[in-house]
Amino acid sequence: MYNQVPGQIGVPIQCENAASVQNKPNLVIIMADDLGSHDISLRGSNEILTPNIDALGYQGTIFNHHYTCAMCTPTRAALLTGKYPIHMGMQHYVLRTGEPRGLPLNEKLLPEYLKEVGYKTHIIGKWHLGFAKKSFIPTNRGFESHIGYLGAFIDYFDSTVRFNNSPFSPGFDFRRNESVYRDRVGEYLTDVLTDEASKIIRGHDPLQGPLFLYLSHQAPHAANDDDPLQTTSEDIEKMQHIQDPKRRAYAAMVRALDRSVGRVIRVLEEKEMLKNTVILFFSDNGGPTLGLYNNRAFNYPLRGQKNGPWEGSFRGTAILWSPLLRKRHYVSKHLIHITDWLPTFANLAGATSYKYKKLDGYDIWLTASNNLPPIRREILHNINPIDGYSSFYRDGWKYVNGTTLAGQYDSWLGNISQESFPENLNYPELVMNSDVWQTLNPFAAKILKTKDIEAIRKNTKIKCGKRIPFSRTCEPLKAPCLFYLTKDPCEISNLAHFRPVRMQVIKERLEHYEKSSIPPSNLPPDPESDPALNDYLWTWWLEKDDKR
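These lines cover the structure that appears in this document, whether it is placed above or below. (Residues numbered from 1 in each chain as written. Predicted model: local features only at pLDDT ≥ 70, side-chain atom pairs only at ≥ 80, totals over all residues. Heavy atoms only, no water.)

Before going further, it helps to spend a moment on the environment of Lys246. Here Lys246 shows up in helix α7 (residues 245-270). When near neighbours in sequence (up to four residues on either side) are disregarded, Lys246 contacts Leu229, Asn295 and Arg296. (Helix = DSSP H or I, 4+ residues; strand = E, 2+ residues; numbered from the N terminus. Contact = heavy atoms within 4.5 Å.)

What follows is the structure, encoded as structure tokens:
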């Protein structure tokens, strides 16, 4: 479904005076990577406490029906373009390191729209949208600066990428803009990215324009095969109540992520920028509990995990905070998709040229600010012709046809752990003593008390419901399945046989999307990308002029 505005594509950039530019809101996006949808304490988890992330939610708006894509690259493509991945050829799997492709260069990205209206645009951390050519990298796609890495993941301490049973040599992948940056080797990645984001904020001159900061964390994504779950001794020491060593390490990685959120918001306060700033936090997809690059994340009680057609793949929690929001301190049940943020932020910034593009996202500022129902009725989660599955939502109903990896991870993975963090008994006080609460509470729309925190937290809980007696077992490799998510968010009761008319309506909508889809652009890794041929760097190998 496209937003269409009559007129010519391409809108002249209008000159704006300095005062109007300075009045535009600062925009800050903090993205986690492979964070389990159950693994923040805001959602009721007592095993891993995330007081800063939780405080951001209690002080702002919590979107309980926020959908991303099922994997890293498709989500990042959708966020920065406002389009479904099927409309860019980015719908199948992630962009693998060494793959000679990138996000298509004809796509206009969010930072480019924002630069047109005076924004200073910066990305810290993970890119994962291609670097085979220099033209694919962030500083050539609308970002004025990039400090971070170009591929899917790196070692949390030495910034190298290594693959087991691979013809590729290990390579270094960390840059300041286009130059190799080794100054922070040996330090913990989550803290490094936080430091670099803090420097950007401290160095920002509001007289030069508002700030757009995209902090794209690796945490808690797994690192290299030989040492996937990396943390600091200080963080792991705080997680001794967790018996599973992998789960314990994952929890420590989430703890570092939570600390990062606190530090970034503290720095925004120090810079006196919060009074005119919008902050968005979410994870790029559900966590992988099992399988390739799993980090022992839990999406329970949602079904499935990363890289699948189920709710555990792409339904997470998004948090939006700003003093510009008219209503705050509540849990929103409205349907939000990752593609909605580009038109929302672009319009909030005063950009207009996005209106002349065929986008799949909607401007949801009125939904976010006033808790008004959104325009959106449906979400195309994916049509993947290579894996052979489709996943689609409309008016409360979820359709699944086919699946990934032969259905190995289609069940309800993980659990609600009984290993409670020792400080859980004082949870409200822990949240109220966090950096984020102390920083944002002066901006609160009302004075929040312990009972308010407990009530909001309760409203985030997912209630699975019971299996409907006349429902059938879902076997998506044999026949399409249909779930009424409004009453069955955990995808337990397959009602495909009971709702033939509904099934037909959805199939017609899928046929509509298939007509506008672009074939997946995936390519095999290029041997010429081998770091051994490129000064032991992962770098743009298709353009040999300047790899460093």
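Topologically, Thr231 is positioned in the loop between β9 (211-216) and α6 (233-237). Each residue touching Thr231, except ones within four places of it in the same chain, is listed here: Phe157, Tyr188, Ile236, Ala249, Ala252 and Met253.

It is the rolling of a water-molecule-sized probe over the atoms that shows where space remains empty. Summed over the entire model, instances satisfying the criterion amount to five cavities of 30 Å³ or more. Volume-wise, the largest cavity comes out at about 150 Å³. As for the largest cavity, its lining consists of 16 residues, and the residues nearest its centre are Leu35, Ser37, Ser283, Gly316 and Thr317. Looking at the lining of the largest cavity, the elements that each hand over two or more residues are β10 (277-283) and β11 (315-321). Of the residues belonging to the lining of the largest cavity, the class tally is five nonpolar, nine polar and two charged. For the second largest cavity, the calculated volume is near 100 Å³. Taken together, 15 residues make up the lining of the second largest cavity; nearest its centre are Ala70, Pro74, Gln91, Asn382 and Tyr389. In terms of residues, the lining of the second largest cavity owes the most to one element, strand β14 (residues 378-384), which gives three residues. (1 Å grid on protein atoms, 1.4 Å probe; cavity = no way out; pocket = protein on both sides within 12 Å on 5 of 7 lines; lining within 4 Å. Points joined across faces, edges and corners; volume = space filled by probe spheres on them. Nonpolar A, V, L, I, M, F, W, Y, C, P; charged D, E, K, R; others polar.)

Our focus in this paragraph is the packing of aromatic side chains. For the coordinates displayed, the defined rule picks out 20 aromatic pairs. Residues Tyr84 and Tyr513 carry aromatic rings whose centres are separated by 5.8 Å and whose planes lie at 80° to one another, so their mutual orientation is edge-to-face. Placement of the pair is Tyr84 in the loop between α3 (72-81) and α4 (110-116) and Tyr513 in helix α14 (residues 500-516), with a sequence separation of 429 residues. Looking at Tyr84, the relative accessible area reads 2%, which means it is buried. Each ring, one from Phe163 and one from Trp538, has its centre 6.2 Å from the other, and the planes form 85°; the classification is edge-to-face. Highlighted residues: Phe163 in the loop between β5 (160-161) and β6 (171-172) and Trp538 in the segment after α14, separated in sequence by 375 residues. Under the relative-accessibility criterion, Trp538 is labelled buried at 0%. One aromatic cluster is present, built from ring pairs that chain together Phe153, Phe163, Phe168, Tyr293 and Trp538. A cation over a ring is seen here: Arg182 above Phe172, with NZ or CZ 4.3 Å from the ring centre. Positioned above the aromatic ring of Tyr427 is the side chain of Arg457, whose terminal nitrogen or guanidinium carbon lies 3.9 Å from the ring centre. (Phe/Tyr/Trp six-rings, centres within 6.5 Å; stacked < 30°, edge-to-face > 60°. Buried < 20%, exposed > 50% of the residue type's maximum accessible area, 1.4 Å probe, protein only. Lys NZ or Arg CZ within 6 Å of the ring centre and 35° of its normal.)

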